[in-house]
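Residues per chain are reported as follows:
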Amino acid sequence: MNRVKRHSTFFRCWLATVLGLMVGCQSDLLYLRDEDVSHYVDVATDIAYPDIDEPSGPSVMDTQAPHTLSQPRAEEIWDLPLEEVIRIAMLHGDVIPNLGGLVMQNPNAMPTIYDQGIRQSDPRFSVEGALSEFDTNLVSGITWSRADRPVNNAVSVGNFYAQPDVFIFQEDSANFRAELNKTTPAGTRLALRNRIDYRLNNASSNFFPSAYDTSVELELRQPLLQGAGVDFGRIAGPRGSPGNLNGVVLARINEDIASADFQQAVRNWVSSLEDQYWLLYYAYRELDAQVKARDAAHRSWEEADNKLNLGLPGGSLAEVAQARQQYLRLEAAVQATLGGSQSFVTETSVRGGLYGLEGRLRRLMGLPVNDNKIIRPIDEPVTIPFVPDWDKVLTEALIFRSELREQKWRIKRRQAELSVAKNFLYPQLDVVGAWRYNGLGDRLTGDNDNAHFQNSFETLSSGDYIDWQMGVQMSMPIGLRRAFLGVQNAELSLARERKLLQAQEMEISQDLADAIRLMDASYERMRTNLENREAALQRLRAMEELHRTGSSGVGLDDVLRAQEEVARAETSYFRSAVDHTLTIKQLHFEKGTLLQYNQIQLSEGVWSEEAYDDAYQRARERSNARRVGIDRVSPPPLVKEGLLGSALRSITGSEADVTTYEEGIPWELEAEVIESNEQWGSVSDGQWEIRDEQAPQMLQPQKSEEKDKFDGGEAWRDAPSTLIDPSTSPSTHPGFVPTRRTEEVRGQWEQRR
């Protein structure tokens, strides 16, 4: 009776607790007095700031005030070639900058050098994340329980003796489970389980008062149709379903697409650097022309004023005022060229000026606003003709444009998705099997009084009690609606990607044609502007001579207009020269060879020693393996041999498979090399640096007979005219530093072999 009361009291307490939790704590509470809560009201509507102490960089805190017209300072002129500008920018390129303010508007969209590492370390969608789906899983647990309950039918709990009252069933039990399960790339699901159940109860029918029931089980499930094969596992993953694929192949393709995106970001960055460099060069030239015109107007003003004071002809007040007005107008033009001009009335920015362009170049280079230096370009624009071969230029663009490579990876991904989508049309037909060893004993280990069952582990290890199961299971939805939708979606997506590739190729051809037309037009315009500048100078000298001698019909206004025309012709010439240089840059941009033209390469970092050792061991395993007598023993390749195979065969003279490993050289990643002095990367300490792409053939400038007519000096930038073999002629790029020769590379290669 006391037991019943105790349990009834516990039930009431438990019910009251549950009801209290269901009601919640939303009711108003009554307080004995009102306290001052102004401290909460004051901060309730304030903007919260994170408690993070991130110090600002020294390049921001230690910068000087910007250059302004009202506070001129004598600062050091920093003469920089384009090559040095790009080199400095690469040193500060952790975050690839742009001039659109994206870092403030959408910082998550800013490309950085960490993007590839972040993607490769993504636990969900990276290659390692996809491979982790095939890891072996360990599942284990142990529970203890006690049963103390009345039963109406004692037979149901193993008691066959008549009871005068309700039978009270009492039991102590423990359950232990341990399992190792794994899914193989072929779709096979394996499981190894160990079970230990302990029971101690008051049932009279037990052979032992307490018993240990143990078993060891091996289970296998092999798909035969849907989900079968290594190809399916590599593409879809072990948990793939229509529309939800996360295999190793797709993860690697996504990384290659991200690599192409990063290359495009670097290319756009280099293109912006070149644009700003040459715009700053033009700003200096324009400033020089404006200063010359202003000084000429000032001399004319002084000359007219002297004539007025001396009472000479041509010294009227009108001419003095006209010369003064011309001088002040040109002075305003000099100020606008140097400091920039912006009209808030029309809400249009005319120009940033020389200071503004220098600041924009600093922004792209990752430099502070002002470091007591002012950058001045020293390279001269291209002033020689370039007539490219259309077929070669178009072929190079179709090979080297990273957008096309990225789109082809997308097509490859869609093809893989289509092959998996067709597999989902098959029914789920699996072969299942299980093999189980059983054991029983009064003790888990050790001896007891029963000679037949010494202990549970001994019975288990004897192998006398075995269960097995084998069969075939099939399941499939009637109609396969989702599977057919997946196939249709994959086919449409593949067709879309192929059409996009064709549209991209058409767009590239159109852009190439525009670049070539603009390059030709800019060169012709530069020649015309050069002659126009010479004619303007001749006209100015003639006007000044006639005005000095007092010839009739030539007044001061004619001289002032001639001076202004000279300045305009000077700026027009240098504008067309800069345009011609930028059109050559744009041609390389459209061809996809801008990075190679500026001697910039993208490559993976140095691998760890464990990676080299693992690659070497796998190479030895493949080299010593016997060939299986079937047609196909490996999945289809995802990448073409490219130029790697031909280059290796040309160096080694061997027809060996390019997918094998050489000692210490992991060739698993797709790489392309070419036999030339310029295209081998740096080789140091026995480590090879394999570039991700084949660099294009170098472009040699074609010396024109009219070279002396152009005011370019000797610091010409190399302009391409015809494609030549780089192995027969060295590069003349100003920043080119040759590495080892092909013979030395071949010697190192043979030594490694």
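The rules behind these values
- Residues numbered from 1 in each chain as written.
- Predicted model: local features only at pLDDT ≥ 70, side-chain atom pairs only at ≥ 80, totals over all residues.
- Heavy atoms only, no water.
- pLDDT = per-residue confidence, 0-100.
- Contact = heavy atoms within 4.5 Å.
- Helix = DSSP H or I, 4+ residues; strand = E, 2+ residues; numbered from the N terminus.
- Buried < 20%, exposed > 50% of the residue type's maximum accessible area, 1.4 Å probe, protein only.
- Polar contact = N/O pair within 3.5 Å; in protein donor to acceptor, adjacent residues only side chain to side chain.
- 1 Å grid on protein atoms, 1.4 Å probe; cavity = no way out; pocket = protein on both sides within 12 Å on 5 of 7 lines; lining within 4 Å.
- Points joined across faces, edges and corners; volume = space filled by probe spheres on them.
- Nonpolar A, V, L, I, M, F, W, Y, C, P; charged D, E, K, R; others polar.
- Core = buried A, V, L, I, M, F, W, Y, C linked by side-chain atoms within 4.5 Å.
- Patch = residues over 30% accessible without salt bridge, like charges linked within 9 Å, V, L, I, M, F, W, Y side chains within 5 Å.
- Areas by Shrake-Rupley, 256 points an atom, 1.4 Å probe, with all protein chains shown as cover.
- Salt bridge = Lys/Arg side-chain N within 4 Å of Asp/Glu carboxyl O.
- Phe/Tyr/Trp six-rings, centres within 6.5 Å; stacked < 30°, edge-to-face > 60°.
- Pairing = 2+ DSSP bridges.
- Axes fitted to C-alpha atoms, helices over the stretch in contact; angles between N-to-C directions.
- Parallel < 35°, antiparallel > 145°, perpendicular 65-115°, else oblique.
- Expected span 1.5 Å × (residues − 1).
- Left-handed = near helix turned anticlockwise from the far one by under 90°.

Trainee: Explain the confidence of the model for the chain here, please?
Mentor: Low pLDDT marks stretches whose predicted atomic positions should not be read closely. For the chain, mean pLDDT is 76; residues scoring 70 or higher make up 73% of the total. Considering only residues more than four positions removed or in separate chains, one finds that residues 642-753, a stretch of pLDDT under 50, has 222 contacts.

Trainee: Which parts of the structure should I look at to understand the environment of Arg533?
Mentor: Along the chain, the position of Arg533 falls in helix α15 (residues 481-549). You can call Arg533 buried: its relative accessible area is 11%. For the pair Arg533 and Thr571, spaced 38 residues apart in sequence, the C-alpha to C-alpha distance is 9.1 Å. Side chain to side chain, Arg533 and Glu570 meet in a polar contact 3.4 Å long.

Trainee: What is the right way to look at the environment of Thr188 in this model?
Mentor: Note on placement: Thr188 falls in the loop between β3 (167-183) and β4 (189-201). Along the primary structure Thr188 and Asp430 are separated by 242 residues, whereas in three dimensions their C-alpha atoms are 9.5 Å apart. With residues up to four places along the chain from it excluded, the contact list for Thr188 reads Lys182, Thr183, Leu220, Arg221, Gln222 and Pro223.

Trainee: What is the right way to read the layout of surface pockets from this model?
Mentor: The rolling of a water-molecule-sized probe over the atoms marks out the regions of remaining empty space. What the second largest pocket holds in volume is close to 1000 Å³. Lining the second largest pocket are 34 residues; nearest its centre among them are Arg362, Arg363, Gly366, Leu367 and Pro368. For the lining of the second largest pocket, the secondary-structure elements that each account for two or more residues are α3 (58-61), α5 (102-105) and α11 (353-365). At nine residues, α11 tops the list of elements feeding residues into the lining of the second largest pocket. Looking at the lining of the second largest pocket residue by residue, the classes come out as 16 nonpolar, 13 polar and five charged.

Trainee: When you look at the nonpolar core in this model, what are you seeing that I'm missing?
Mentor: Where a protein is soluble and globular, its nonpolar side chains tend to be buried together. Residues Leu273, Leu354, Met365 and Ile375 are the most contacted members of the largest nonpolar core, which totals 44 residues. When residues of this core are assigned to their parent elements, the largest contribution, 13 residues, is made by helix α9 (residues 248-310). Not counting chain neighbours up to four residues away, the residues in contact with Leu354 comprise Leu280, Ala283, Tyr284, Leu287, Thr337, Leu338 and Ile374. Core analysis: the second largest hydrophobic core is formed by 20 residues, Ile384, Leu404, Met519 and Leu587 among them.

Trainee: Help me understand a nonpolar patch on the surface, please; the structure alone is not making it clear to me.
Mentor: Taken together, the side chains of Leu138, Leu180, Leu192, Leu218, Trp435, Tyr437, Ile466, Trp468 and Met470 present a nonpolar region at the surface, about 970 Å² in accessible area. Among the elements of the structure, β9 (428-441) and β10 (466-475) are those that each provide at least two residues to the nonpolar patch. Among the elements that take part in the nonpolar patch, β10 stands out by supplying three residues, more than any other. Along the chain, the position of Trp468 falls in strand β10. By relative accessible area, Trp468 is classed as exposed at 61%.

Trainee: Looking at this model, I keep getting lost on the packing of aromatic side chains. Mind explaining?
Mentor: Each aromatic ring pair is specified by the distance between its two centres and by the angle formed by the two planes. One pass over the structure, following the stated rule, counts eight aromatic pairs. Between Trp278 and Tyr281 the ring centres are 5.6 Å apart and the planes differ by 75°, which places this aromatic pair in the edge-to-face class. Here Trp278 and its partner Tyr281 are both found in helix α9, three residues apart, which amounts to about one turn of the helix. Residue class for Trp278 comes out buried when judged on its relative accessible area of 0%. When the ring of Trp301 is compared with that of Tyr327, the centres are 5.6 Å apart and the planes differ by 35°; the resulting orientation is tilted. Taken together, the positions of Trp301 in helix α9 and Tyr327 in helix α10 (residues 317-339) put the pair 26 residues apart, joining distant regions of the chain.

Trainee: Sorry if this is basic, but what is going on with the side chain of Glu274 here?
Mentor: Checked against the element boundaries, Glu274 lands in helix α9. Given a relative accessible area of 0%, Glu274 falls into the buried group. Reaching out from Glu274, the side chain makes a polar contact with the side chain of Asn598 at a distance of 2.9 Å.

Trainee: How should I be thinking about the pattern of salt bridges in this particular structure?
Mentor: Opposite charge on two side chains makes pairing possible when the charged atoms of those side chains draw close. Counted under the stated rule, the structure contains 38 salt bridges. Residue Arg436 is joined to Asp467 by a salt bridge in which the shortest nitrogen-to-oxygen separation is 3.3 Å. Of the two residues, Arg436 sits in strand β9 while Asp467 sits in strand β10, which places them 31 residues apart along the sequence. Among the charged side chains, a network of salt bridges with common partners joins Glu179, Arg193, Glu217, Glu219, Arg436 and Asp467.

Trainee: Even after reading the chapter, I still don't get the pairing of β3, so can you show me in this structure?
Mentor: Along a regular strand, successive side chains alternate from one face of the sheet to the other. Bridge count for strand β2 (residues 137-151) against β3 is 15 bridges, and the pairing is antiparallel. Bridging from a neighbouring strand, Ala147 pairs with Glu171 of β3. When β3 meets β4, the two strands line up antiparallel, connected through 13 bridges. Note on β4: the bridge partner recorded for Leu180 is Leu192. The turn joining β3 and β4, which pair antiparallel and follow one another in sequence, is formed by five residues; a positive phi near 95° is taken by Gly187.

Trainee: I would appreciate a short explanation of the sheet that holds β10 in the present structure.
Mentor: Adjacent strands of a sheet pair through backbone hydrogen bonds, lying either parallel or antiparallel. Here we have six strands laid out as an open sheet, ordered β2-β3-β4-β5-β9-β10, and antiparallel in their pairing. Only two strands of the sheet have a single partner each, and these edge strands are β2 and β10. Taking each pair of neighbouring strands and ignoring which way they run, the sheet shows an average axis angle of 15°. Sheet topology note: the strand β5 (residues 210-223)/β9 ladder contains 12 bridges and is antiparallel. Across the sheet, residue Thr214 finds its bridge partner in β9, namely Gly439.

Trainee: For this particular structure, what's the right way to read the packing of α9 against helix α16 (residues 556-591)?
Mentor: A pair of packed helices is characterised by two quantities: the angle between their axes and the separation of those axes. Two elements in contact, α9 and α16, have axes separated by 10 Å at closest approach and are oriented at 170°. When the axis of α9 is compared with that of α16, the two are roughly antiparallel. When the residues that make up the contact of α9 with α16 are grouped by side-chain class, the tally is 16 nonpolar, six polar and eight charged.

Trainee: How should α9 be read in this particular structure?
Mentor: Side chains of residues three or four places apart in an α-helix project in the same direction, reflecting 3.6 residues per turn. The terminal C-alpha atoms of α9, which comprises 63 residues, lie 92 Å apart, in line with the 93 Å expected from a rise of 1.5 Å per residue. Note on α9: the residue one or two positions beyond its end, Gly311, has a positive phi of about 70°.

Trainee: Got a minute to help me understand the packing of helix α4 (residues 82-91) against α9 in this structure?
Mentor: Between α4 and α9, whose axes approach to 10 Å, the crossing angle comes to 135°. Classified by the interaxial angle, the pair formed by α4 and α9 is oblique. Read as a crossing pair, α4 and α9 show a hand that is right-handed. Each of Leu82, Val85, Ile86, Ala89 and Met90 in α4 lies in contact with α9, whose residues at this interface are Val266, Trp269, Val270, Leu273, Glu274, Tyr277 and Trp278. Residues of the contact of α4 with α9, tallied by class, amount to 11 nonpolar, no polar and one charged.

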